[in-house]
Amino acid sequence: MADHQWQFRLSGDEFDVLGLAELFASEAKITRGADGTCLDMSLPYGPDQAQAAWSAAEDLLAKLNAIARIIYGNHENVGLAAIGLTDPNGGPLQQFMLGVGGIRSRARVSAVGVVTGGSEGSPTPTKLLGDKFLEAADKNEHIDRALYLFGSLPSDWRGLYMVLEAAADANGGKSGLIAKNWVPQGRIESFKATANSYKAIRRAARHGSIRQGIVSATITLSDAYQMIRTILKNWADEIA
């Protein structure tokens, strides 16, 4: 079955939409046009399979959002607003609906490029950081899953715990992950102890029992979020 060219209009704060677009050049195609900023995908789905195409775009966008959150820190997830199918004969876009996104004033330091090695005497090519992360995901199913979870789940104790478990799967379990020294000594143990303790964080915890668990949190949720970002960044650097 031949692939079809689908286009998905992105919705969200323009600051986040444009920030996302700056991170990718080869591994994901994001274009700007009269109808807004769109994620373009070549998919094996025809006009009667729009839901399958939408699901594929949601899966990819979850990873793109995760990467933007790792790189920028203050990225807020972008969503899908509409879906369109390109007419191979040059006709108008089919089944395209417009959505509206809000605008707020925020700023960040640009950090979209990473220099990769070139041969001696030749220009050194520049690879965008977003593409680097997606390449790592293509090579490793565990980081692919971790990025998907980080980009699609709430950044609460339970969601972050699932991302940590995905990282541990590929790095020798908790002890192996700790041995990587990607985060300060004791940070992973503090996170796990806090996330698992109802006595420490009450209904936000992963468990409801009070028979075990620490009495008070030893790490903040904000610090836990930064820890997960650091683990994912270092993990991708190791794979790429």
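Structure: above.
My aim in this report is to walk through the structure given alongside it, one point at a time. Counting starts from 1 at the beginning of each chain's written sequence and moves along it residue by residue. Reporting in this predicted model follows two pLDDT cut-offs: at least 70 for local features of residues, and 80 or more for side-chain atom pairs to be given and counted; totals over whole chains, interfaces and linings ignore these cut-offs and use all residues. Hydrogens and water are ignored here; the side-chain numbers use all heavy atoms of the structure.

Looking now at the packing of helix α3 (residues 129-139) against helix α4 (residues 141-152). To get an axis, a line is fitted to the C-alpha atoms, and for a helix only the part in contact is used. The angle between two axes follows their N-to-C directions and goes from 0 to 180 degrees. Secondary structure elements are taken from DSSP: a helix is a run of H or I of four residues or more, a strand is a run of E of two residues or more, and numbering for both begins at the N terminus. Closest axis-to-axis distance for the α3/α4 pair is 5 Å, and the angle between their directions is 125 degrees. Classified by the interaxial angle, the pair formed by α3 and α4 is oblique. Crossing of α3 over α4 shows left-handed handedness. Each of Phe-133, Ala-136, Ala-137 and Lys-139 in α3 lies in contact with α4, whose residues at this interface are Glu-141, Ile-143, Asp-144 and Leu-147. Note on residue classes: Ala, Val, Leu, Ile, Met, Phe, Trp, Tyr, Cys and Pro are nonpolar, Asp, Glu, Lys and Arg are charged, and everything else, Gly too, is polar. Considered class by class, the residues forming the contact of α3 with α4 number 5 nonpolar, no polar and 3 charged. For classification purposes, angles smaller than 35 degrees are called roughly parallel, those larger than 145 roughly antiparallel, those between 65 and 115 roughly perpendicular, and all remaining angles oblique. For a crossing to be left-handed, the near helix must be turned anticlockwise from the far one by less than a right angle; the clockwise case is right-handed. We call two residues in contact when some of their heavy atoms are within 4.5 Å.

Secondary-structure assignment places Ser-175 in helix α6 (residues 173-179). Exposed residues in this analysis have more than 50% of their type's maximum accessible area, buried residues have under 20%, and partly exposed residues fall in between, with area computed by a 1.4 Å probe over protein chains only. Taking the relative accessible area as the measure of exposure, Ser-175 reaches 55% and is therefore exposed. Each C-alpha atom, one on Ser-175 and one on Ile-188, is 9.7 Å from the other, the two residues being 13 residues apart in sequence.

With that settled, consider the sheet that holds strand β2 (residues 29-33). With antiparallel pairing, 4 strands are arranged side by side in an open sheet as β2-β3-β1-β4. Both outer strands of the open sheet, β2 and β4 (79-85), are each paired with one neighbouring strand and no more. When strand polarity is set aside, the average angle formed by the axes of neighbouring strands in this sheet is 35 degrees. Sheet topology places β2 next to strand β3 (residues 36-43); 5 bridges connect them, and they run antiparallel. Along β3, the bridge assignment pairs Thr-31 with Cys-38. Where helix α1 (residues 14-21) meets the sheet, its contacts fall on β1 (4-11), β2 and β3, and the angle it forms with β2 comes to roughly 130 degrees. Its contacts with the sheet put helix α2 (residues 50-72) on β1, β2, β3 and β4, and the angle it makes with β4 is roughly 140 degrees. By definition, two strands form a pair when at least two bridges between them are found by DSSP.

Our next topic: the side chain of Gln-7. Mapped onto the elements, Gln-7 comes out in strand β1. Overall, Gln-7 belongs to the buried group, its relative accessible area being 19%.

With that settled, consider the pairing of β3. Of all 8 residues in β3, 6 are buried; the element is thus mostly enclosed. Both β1 and β3 contribute to a ladder of 6 bridges, which runs antiparallel. Residue pairing for β3: His-4 is matched across the bridge by Leu-43. Turn length for the β2-β3 hairpin, with the two strands adjacent in sequence and antiparallel, is 2 residues.

Of all the 8 residues making up β1, 6 are buried; the element is thus mostly covered by neighbouring parts of the structure. Looking at chain direction, β1 and β4 are connected through 6 bridges and run antiparallel. By the bridge assignment for β4, Ser-11 is matched with Gly-79.

Any Lys or Arg side-chain nitrogen located within 4 Å of an Asp or Glu carboxyl oxygen qualifies as a salt bridge. A complete count under the given rule lists 6 salt bridges for this structure. With a shortest N-O distance of 3.9 Å, Glu-165 and Arg-206 are connected by a salt bridge. Of the two residues, Glu-165 sits in helix α5 (residues 157-170) while Arg-206 sits in the loop between α8 (198-201) and α9 (221-239), which places them 41 residues apart along the sequence. A salt bridge links Glu-238 to Lys-180; the shortest N-O distance between them is 3.1 Å. Pair noted here: Glu-238 is in helix α9 and Lys-180 is in the loop between α6 and α7 (187-195), with a separation of 58 residues, a long-range link. Looking at Glu-238, the relative accessible area reads 45%, which means it is partly exposed.

What follows is about α3. Summarising burial for α3: 8 of the 11 residues are buried, a large majority. Those residues of α3 lying buried are Leu-129, Gly-130, Asp-131, Lys-132, Phe-133, Leu-134, Ala-136 and Ala-137.

To continue, consider unusual backbone geometry. Positive phi outside glycine occurs at Asn-181, with the angle close to 60 degrees. If you trace the backbone, Asn-181 turns up in the loop between α6 and α7. The phi dihedral of Arg-202 falls on the positive side, at around 55 degrees, and the residue is not glycine. Along the chain, Arg-202 falls in the loop between α8 and α9. Look at Arg-202 and you get exposed, because its relative accessible area is 53%.

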